[in-house]
There are 2 protein chains.
Amino acid sequence: MINKLVDKIKKTNAPVVVGLDPMMSYLPEQITKKAFDEFGETLEGAAEAIWQYNKGIIDATYDLIPAVKPQIAMYEQFGIPGLAAFDKTVKYAKEKDLVVIGDVKRGDIGSTSAAYATGHLGKVQVGSKIYSLFDEDFATVNPYLGTDGIKPFVDVCKEENKGLFILVKTSNPSSGEFQDRLIDGRPLYEWVGEQVAKWGEDHMGNDYSYIGAVVGATYPEMGKVLRQIMPKSYILVPGYGAQGGTAEGLKPYFNEDGLGAIVNSSRGIICAYKQEQYAKFGAENYADASRQAVIDMIEDINSIF
Amino acid sequence: MINKLVDKIKKTNAPVVVGLDPMMSYLPEQITKKAFDEFGETLEGAAEAIWQYNKGIIDATYDLIPAVKPQIAMYEQFGIPGLAAFDKTVKYAKEKDLVVIGDVKRGDIGSTSAAYATGHLGKVQVGSKIYSLFDEDFATVNPYLGTDGIKPFVDVCKEENKGLFILVKTSNPSSGEFQDRLIDGRPLYEWVGEQVAKWGEDHMGNDYSYIGAVVGATYPEMGKVLRQIMPKSYILVPGYGAQGGTAEGLKPYFNEDGLGAIVNSSRGIICAYKQEQYAKFGAENYADASRQAVIDMIEDINSIF
């Protein structure tokens, strides 16, 4: 799957992933109204609205980008119907041949991590039958529990040709509270990065490992160091745009081959029609606004090479 | 909710929580067969079997214990039908007046943590309507992202009178890989424990905070130190029994008032009928075996006082 991701990044010339993190407040009125007319002001109505919104954005952008990254929390907050919309979104994006990074930030010990890995990346046995579940291509994972929390994910990734992005240095303001603390003179995130590189050796693709890392765009100095610590790990970079990361600041996240990083934008793309720059599209053409925002983001990022 | 948990622990004289972490291999044949007869070898069939299994255990133990802790990964691995079984289990346990600790180990940044908090502990607005979702009483949370990953959970807890157990020192063998690393001469888990105590000051119950901690039974020396660092935080203690923690080793997790800790057992209770000690009950009476295992566990733990 890492090979597919790299191929698609090369083909689209777009080291970009669109974060499908819908909030009800993002949705154009016509979508919400239609869903509520059909399902009422119910969780099913909210889930339908979110799904239609996502479908519009995927339809308008799938030919430009290699991947999407639905953030499961935004669906989980609408309970079971919300999770069904997540499921539908993942499956639809895969039909469009997009790589799907499930931003699920799961992580637990042994058999529990194995169950999460099964749910998100693997297959489950029921009697004599085998079923795929959410079936994302990649999942984000939290490293706080150490190797025996990660290994069950890696095992499933090997079986299924799938991959991970492990949280190393997150984009939020207080990420340094624990992640930056010095251990033997080096910050914790470097130690985690070293482990990611080690875990990654165990599951290599052609040029990059199936086991990548999350490093926020908001900390380019740290990105530079982590790039060197994990030369074979793809870096998923959140925090561009709305959170303050700039294109210039993204340089250190890439290798000299122009690969090695994929930059996420969520709000900046999916909610583009609400920004002044794209207001001319209007709410009814929100998906066209998202398409234009993707084109502009790709241009912005490619300007650094 | 922490007050209710403490009251129930006092009333039952049982600082014990039953972990509802069902695996298909745990289920007695008669339950699986009945579910498959009705729903086929489908995800719905697996989910029905798990739900019936849980119901049996809850019915047989709810008068003895203060709380249950369903581990969502075990349900998530069966996709949407599995999550519906989680939902049903939470609601049923609450009907039986049990406190429900959702072992979800979620954690993300700002608005994303807020969405998880809404999904698991809060309520969501859809148009003019308000809905409860999974509605657990407590949730477990991962601290790796720092304060702005935790605060949205605390905010929802305050609104809803609910609580958290934050991962401090986990019970698994490799938990030390990052958690034990020394920062200014003290292990990371102590720094996390200090933050838990600080976060907890912001949301106090009568004697204990709504914000508790997870500290594995497998590390009693560390439990002792953490008990002192977080005197007002309830400690959720996994790792008793199957993972190797002993009753004697649990002493340091409690305060002098005999409170302050609640000990989890999952496999040891829900799969008791497969152990030699309880084999006499037979698979058909698996729930009675679980009841006996709960009685024995309570006696074992109370022997330390």
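Below or above, wherever it landed, is the structure these notes cover. (Residues numbered from 1 in each chain as written. Chains lettered and ligands numbered in written order. Predicted model: local features only at pLDDT ≥ 70, side-chain atom pairs only at ≥ 80, totals over all residues. Heavy atoms only, no water.)

The subject of this paragraph is the sheet that holds strand β12 (residues 261-265) of chain A. All names here are of chain A. Ordered in space as β1-β2-β3-β6-β7-β10-β11-β12, the eight strands form a closed barrel in which the pairing is parallel. The average angle at which neighbouring strand axes cross in this sheet is 30 degrees, direction not considered. Both strand β11 (residues 233-237) and β12 contribute to a ladder of three bridges, which runs parallel. Of the residues in β12, the one forming a bridge with L236 is I262. Along the sheet, helix α5 (residues 79-95) makes contact with β1 (16-20), β2 (67-70) and β3 (99-106), crossing β3 at roughly 150 degrees. (Pairing = 2+ DSSP bridges. Helix = DSSP H or I, 4+ residues; strand = E, 2+ residues; numbered from the N terminus. Axes fitted to C-alpha atoms, helices over the stretch in contact; angles between N-to-C directions. Contact = heavy atoms within 4.5 Å.)

Residues A:M230, A:L250, B:M230 and B:L250 are the most contacted members of the largest nonpolar core, which totals 240 residues. The residues contacting A:M230, other than those within four sequence positions of it, are A:V168, A:G193, A:V196, A:A197, A:A213, A:V215 and A:I235. (Core = buried A, V, L, I, M, F, W, Y, C linked by side-chain atoms within 4.5 Å. Buried < 20%, exposed > 50% of the residue type's maximum accessible area, 1.4 Å probe, protein only.)

All right, on to the interface of chain A and chain B then. At the junction of the two partners, chain A supplies 70 residues and chain B supplies 69 residues. Taken as a group, A:E41, A:Y144 and A:F178 account for 16% of the area that chain A buries against chain B, more than any other trio of residues on that side. The interface formed by chain A and chain B holds six salt bridges in total. For the salt bridge of A:R106 with B:E76, the shortest nitrogen-to-oxygen distance reads 3.0 Å. For the pair chain A and chain B, the number of links is 34 residue pairs in polar contact (both at pLDDT 80 or more). Considering every element that reaches the side of chain A that touches chain B, the biggest residue donor is helix α6 (residues 110-121) of chain A, with seven residues. Tallied by class, residues from the side of chain A that touches chain B come to 34 nonpolar, 25 polar and 11 charged. (Buried area = accessible area lost by both parts, 1.4 Å probe. Salt bridge = Lys/Arg side-chain N within 4 Å of Asp/Glu carboxyl O. Polar contact = N/O pair within 3.5 Å; in protein donor to acceptor, adjacent residues only side chain to side chain. Nonpolar A, V, L, I, M, F, W, Y, C, P; charged D, E, K, R; others polar.)

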